[in-house]
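Given next are the chains, with one letter for each unit.
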Amino acid sequence: MVTEKWAVAALRFFLVVLFGVLVVFQTMSLPGGIAYHAQQNPHDAPLRWPLTAIAVFLVLCAEVVVVATWKLLTLVKKDRIFTTASLKWVDAIVWAVAAAWLVVAGMLLFVGFNADDPGMPMLLFLVTVAITVIGLLMVVMRALLRQATTLRSDMEAVI
């Protein structure tokens, strides 16, 4: 129990740090870096705004996952994780991962058909596979959470 409390506290601390870093990347680093790249490579200038929008959106998906994880940790702390309230936060994670997957898969298709070097398509393929694994893992975890929630409510009804 003590270990769980420390783990939850540490995870919350690092979620705050991660959220702060994501906000900085979303508002300054990524738009600035993409603008600098477009300025240095004029032939890539038309991609500045689409790439900025995609980057900001992908960071937003990550922020949704961080907030939903925070909410789930709150339910863990209150010993309410095995209730239907937790399912909506897991759903938020699943939908954020699905949205990110669609965008990255679209980028993979676009880059894959237009690239003359296999480096970027391979990197995007790796990211797409990683997001797929995370998404499918979350779907399985959601099913397990639903089963545990049902078992807990059945047990409470018996008692």
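An unreviewed UniProt entry lists the chain under the name DUF2975 domain-containing protein, from Amycolatopsis plumensis.

Quick look at the side chain of T149
Considering the arrangement of structural elements, one finds T149 in helix α4 (residues 119-158). Classification of T149 by relative accessible area gives buried; the value is 7%. Here the side chain of T149 touches L145 through a polar contact of 2.7 Å, landing on its backbone oxygen. Sequence-distant contacts of T149, defined by excluding residues within four places in its chain, comprise F82, T83 and T84.

With respect to the packing of helix α2 (residues 48-77) against helix α3 (residues 84-114)
Geometry of a packed helix pair, given as the angle between the helix axes and the separation of the axes. Two numbers describe how α2 lies on α3: the axes approach to 9 Å, and their chain directions differ by 160°. Relative to α3, the element α2 lies roughly antiparallel. The handedness of the crossing between α2 and α3 is left-handed. Class assignment of the residues belonging to the contact of α2 with α3 gives a composition of 21 nonpolar, 2 polar and 1 charged.

Description of a nonpolar patch on the surface
A cluster of nonpolar side chains, F13, F14, V17, V21 and F25, forms an exposed patch at the surface whose accessible area comes to about 480 Å². Within the secondary structure layout, F25 lies in helix α1 (residues 2-40).

Brief notes about the packing of aromatic side chains
What the rule picks out here adds up to 1 aromatic pair. When the ring of F13 is compared with that of F14, the centres are 5.0 Å apart and the planes differ by 80°; the resulting orientation is edge-to-face. Neither residue differs from the other here; F13 and F14 are each classed as exposed.

Side note on α2
With 30 residues, α2 ought to run about 44 Å at 1.5 Å a step, and its terminal C-alpha atoms sit 43 Å apart, in line with that. Those residues of α2 not exposed but buried are T52, A55, V59, C61, E63, V66, A68, L72, L73 and L75. One or two positions beyond α2, positive phi appears at D79, with a value near 55°.

Details of the pattern of salt bridges
Tallying each qualifying case throughout the model produces 2 salt bridges. Across the pair R142 and D91 runs a salt bridge, and its minimum N-O distance is 2.3 Å. Placement of R142 in helix α4 and of D91 in helix α3 is noted, with a sequence separation of 51 residues between them. D91 sits in the partly exposed class, given a relative accessible area of 24%.

Things to note about the nonpolar core
Ranked by internal contacts, the top residues of the largest apolar core, which has 16 residues, are L72, I81, V90, I93, L124, M138 and L145. Residue assignment for this core shows that the elements contributing at least two residues are α2, α3 and α4. If one sorts the elements of this core by residue count, α3 sits on top with 8 residues. Leave out the neighbours within four places in its chain, and M138 touches V90, I93 and V94.

Looking at the packing of α3 against α4
Between α3 and α4, the shortest axis-to-axis distance is 9 Å and the interhelical angle comes to 160°. Here α4 runs roughly antiparallel to α3, going by the angle between their axes. For the pair α3 and α4, the crossing hand works out as left-handed. Of the residues that constitute the contact of α3 with α4, the class distribution is 22 nonpolar, 7 polar and 3 charged.

Here is what the cut-offs are and how they apply
Residues numbered from 1 in each chain as written. Predicted model: local features only at pLDDT ≥ 70, side-chain atom pairs only at ≥ 80, totals over all residues. Heavy atoms only, no water. Helix = DSSP H or I, 4+ residues; strand = E, 2+ residues; numbered from the N terminus. Buried < 20%, exposed > 50% of the residue type's maximum accessible area, 1.4 Å probe, protein only. Polar contact = N/O pair within 3.5 Å; in protein donor to acceptor, adjacent residues only side chain to side chain. Contact = heavy atoms within 4.5 Å. Axes fitted to C-alpha atoms, helices over the stretch in contact; angles between N-to-C directions. Parallel < 35°, antiparallel > 145°, perpendicular 65-115°, else oblique. Left-handed = near helix turned anticlockwise from the far one by under 90°. Nonpolar A, V, L, I, M, F, W, Y, C, P; charged D, E, K, R; others polar. Patch = residues over 30% accessible without salt bridge, like charges linked within 9 Å, V, L, I, M, F, W, Y side chains within 5 Å. Areas by Shrake-Rupley, 256 points an atom, 1.4 Å probe, with all protein chains shown as cover. Salt bridge = Lys/Arg side-chain N within 4 Å of Asp/Glu carboxyl O. Phe/Tyr/Trp six-rings, centres within 6.5 Å; stacked < 30°, edge-to-face > 60°. Expected span 1.5 Å × (residues − 1). Core = buried A, V, L, I, M, F, W, Y, C linked by side-chain atoms within 4.5 Å.

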